[in-house]
Amino acid sequence: MILSQDVHKVFGGVVPEIASRAHLTSIVPVVSRALEDAAVTFDDLDAIAVTSAPGLIGALLVGVCYAKSLAFARGIPVIGVHHMEGHLFATALQHRSAVPPFTGLLVSGGHTLLLDVEEWGRYRLLGATRDDAAGEAFDKVAKLLGLPYPGGRPIEMMAREGDPAKFRYSRPMVRSNDSPADPSYYEFSFSGLKTAVLTSVRSSADLERDSADIARGFQDALVESLVEKTARAAVAWGRKRIVLGGGVACNSALVAAMTERAARFGATVFAPEPRLATDNAAMIARAGLFHIERGERSGLDLNAHASQPIPGLVTA
Ligand SMILES: Nc1ncnc2c1ncn2[C@@H]1O[C@H](COP(=O)(O)OP(=O)(O)OP(=O)(O)O)[C@@H](O)[C@H]1O
Ligand SMILES: [Mg+2]
């Protein structure tokens, strides 16, 4: 059961206070509806998994307080889950083989993380974005082109009509002479690309005519940067599986380019369908199950945290 808060469309983004108030009024009916859809009752629940970090603190607190109260009232365990670990598990709900060891690329509205995953619960963070997240770049460029929020899907659709040769932007953080010793070897950066798009938009004599070509140029550059870094990681760590997660992971241009590149070194790419790529409760339940099965439990002092590193990080 996913509730989209249409109210954010009006503001072109998420307004934290509005989001947490909407969580407060929605959480009880959303849980009831989810139980109804799954044809189960509270009696059937063995444990409760809840996102406790990272994110908007007000919205997280609503979920954490509700989950703890419910667990206490039912006498069942509660487990706090890191939102990005949830995204990492999402693809495995759809593809049975999307399991470690693999190279993981999480590309969402707020994060761009490149991970080597030797086993569940052991995450080697290879690189992240220095500035904007991949999804955030899609959303900002969509705004520049007058497209609705969230902008990933509209850009993807528009880019299909675009000419790839009209606007060629440089591939962020990718140079032919990059060496694994460079700190930026696995890192991302999308704010320069966004500024390049802004320049194109401002200098366009006919934006209606150019929009699709700009969208295509932007998407090609962003995708190539993601593909290059992920391929580097998979080759360096000898992984034959690449698992994509987060809202941008359902972008078909990204999946196609990644699949094509991975085939060159014999790797398979697993990407989630849109409902599993973007935020959903199933992925949190799946990650929570992993921790519960390992015997972990959160106490009733479980708190929400606006930012927190993914658990189980191993140093590079
Ligand atoms: N087809 C697509 N192509 C590109 N981007 C997409 C597509 N579909 C969704 N997105 C982007 O995915 C993002 C939403 O994904 P998700 O729900 O995983 O992010 P989030 O939960 O807001 O961020 P985070 O998980 O980092 O807290 C938005 O930025 C949206 O534009
Ligand atoms: Mg998310």
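Reading the values: the criteria
- Residues numbered from 1 in each chain as written.
- Chains lettered and ligands numbered in written order.
- Predicted model: local features only at pLDDT ≥ 70, side-chain atom pairs only at ≥ 80, totals over all residues.
- Heavy atoms only, no water.
- Helix = DSSP H or I, 4+ residues; strand = E, 2+ residues; numbered from the N terminus.
- Rg over C-alpha atoms; globule rule 2.2 N^0.38 Å.
- Buried < 20%, exposed > 50% of the residue type's maximum accessible area, 1.4 Å probe, protein only.
- Contact = heavy atoms within 4.5 Å.
- Pairing = 2+ DSSP bridges.
- Donors = N, O, S within 2.8 Å, 3.2 Å for Na, K, Ca; no water.
- Axes fitted to C-alpha atoms, helices over the stretch in contact; angles between N-to-C directions.
- Parallel < 35°, antiparallel > 145°, perpendicular 65-115°, else oblique.
- Nonpolar A, V, L, I, M, F, W, Y, C, P; charged D, E, K, R; others polar.
- Right-handed = clockwise from strand over helix to strand, strands pointing away.
- Near = heavy atom within 4 Å.
- Polar contact = N/O pair within 3.5 Å; in protein donor to acceptor, adjacent residues only side chain to side chain.
- Areas by Shrake-Rupley, 256 points an atom, 1.4 Å probe, with all protein chains shown as cover.

A. The arrangement of the overall build of the protein chain in detail. What the protein chain contains, in helices and strands, is eleven helices and eight strands. In terms of overall dimensions, the protein chain is globule-like: its C-alpha atoms have a radius of gyration of 20 Å, near the 20 Å expected for 316 residues. For the protein chain, the C-alpha atoms occupy an extent of roughly 60 × 45 × 30 Å along the three principal directions. Residues classed as buried in the protein chain amount to 47% of the 316 residues present. For the protein chain, long-range pairs separated by at least 24 residues make up 74% of all intrachain contacts whose partners lie at least 6 apart in sequence.

B. Quick look at helix H4 (residues 83-94). Buried residues dominate H4, accounting for ten of its twelve residues. Listed as buried for H4 are His83, Met84, Glu85, Gly86, His87, Leu88, Phe89, Ala90, Thr91 and Ala92.

C. A look at the sheet that holds strand E6 (residues 241-245). The six strands are arranged E7-E6-E3-E4-E5-E8 in an open sheet whose pairing can be described as mixed. Each edge of the sheet is formed by a strand with only one pairing partner; in this case those strands are strand E7 (268-270) and strand E8 (313-314). For strand E3 (residues 102-107) and E6, the ladder comprises four bridges, and the chain directions are parallel. Looking at E6, one finds that Leu105 is bridged to Leu244.

D. Spotlight on the coordination of the magnesium ion (ligand 2). In the first shell of the magnesium ion (ligand 2), the protein supplies His83 (NE2), His87 (NE2) and Asp279 (OD), at 2.0 to 2.2 Å from the metal. Read N to C, the donor residues that coordinate the magnesium ion (ligand 2) are spaced as H-x3-H-x191-D. Of this pair, His87 sits in helix H4 while Asp279 sits in the loop between helix H10 (274-277) and helix H11 (281-293); the two residues are 192 residues apart in sequence, bridging distant segments of the chain.

E. Looking closely at the packing of helix H5 (residues 134-144) against helix H7 (residues 191-203). Where H5 contacts H7, the axes come no closer than 10 Å and their chain directions differ by 10 degrees. Classified by the angle between their axes, H5 and H7 sit roughly parallel to one another. Where H5 abuts H7, its residues Lys140, Val141 and Leu144 lie against Lys194, Val197, Leu198 and Val201. Of the residues that constitute the contact of H5 with H7, the class distribution is five nonpolar, no polar and two charged.

F. Region of interest: unusual backbone geometry. For the peptide bond that leads from Ala53 to Pro54, omega is -20 degrees, which places it in the cis range. Phi at Ala39 takes a positive value of approximately 55 degrees, unusual for a residue other than glycine. Assignment of secondary structure puts Ala39 in the loop between helix H2 (16-37) and strand E1 (48-53). On the basis of relative accessibility, which here comes to 68%, the residue Ala39 falls in the exposed class.

G. Structural context of the pairing of E1. With five of six residues buried, E1 lies mostly within the body of the structure. Examined bridge by bridge, E1 and strand E2 (residues 78-82) share five bridges and lie parallel to one another. Within E2, the residue paired with Ala49 across the bridge is Ile79. For the handedness criterion, the β-α-β arrangement of E1, helix H3 (residues 57-74) and E2 is classed as right-handed.

H. Seen up close, the site of ligand 1. By nearness alone, 23 residues border ligand 1, and Ser108, His111, Asp139, Glu156 and Asp279 come closest of all. Side-chain polar atom of Asp279 to an oxygen atom of ligand 1: 2.7 Å apart, as the coordinates give it. With the chains in place, 85% of the 640 Å² that ligand 1 exposes on its own is no longer accessible. Listing elements by their share of the shell around ligand 1, those giving two or more residues are H4, H5 and helix H6 (152-159). Looking at the shell around ligand 1, its residues break down into six nonpolar, 13 polar and four charged.

I. How the structure looks around the side chain of His83. In this structure, His83 sits in helix H4. Given the relative accessible area of 16%, His83 is considered buried. Not counting chain neighbours up to four residues away, the residues in contact with His83 comprise Thr51, Ala53, Pro54, Asp279, Met283 and Ile284.

J. Structural context of the pairing of strand E4 (residues 112-119). Counting buried positions along E4 gives six out of eight residues, so the element sits mostly inside the fold. Both E3 and E4 contribute to a ladder of six bridges, which runs antiparallel. Residue pairing across strands places Phe102 opposite Val117, the latter belonging to E4. Between the antiparallel neighbours E3 and E4 lie four residues.

K. Here's a closer look at the side chain of Asp116. Secondary-structure assignment places Asp116 in strand E4. Dropping the residues within four chain positions of it, Asp116 is found in contact with Phe102, Thr103, Arg122, Tyr123, Arg124, Leu126, Trp237 and Arg239.

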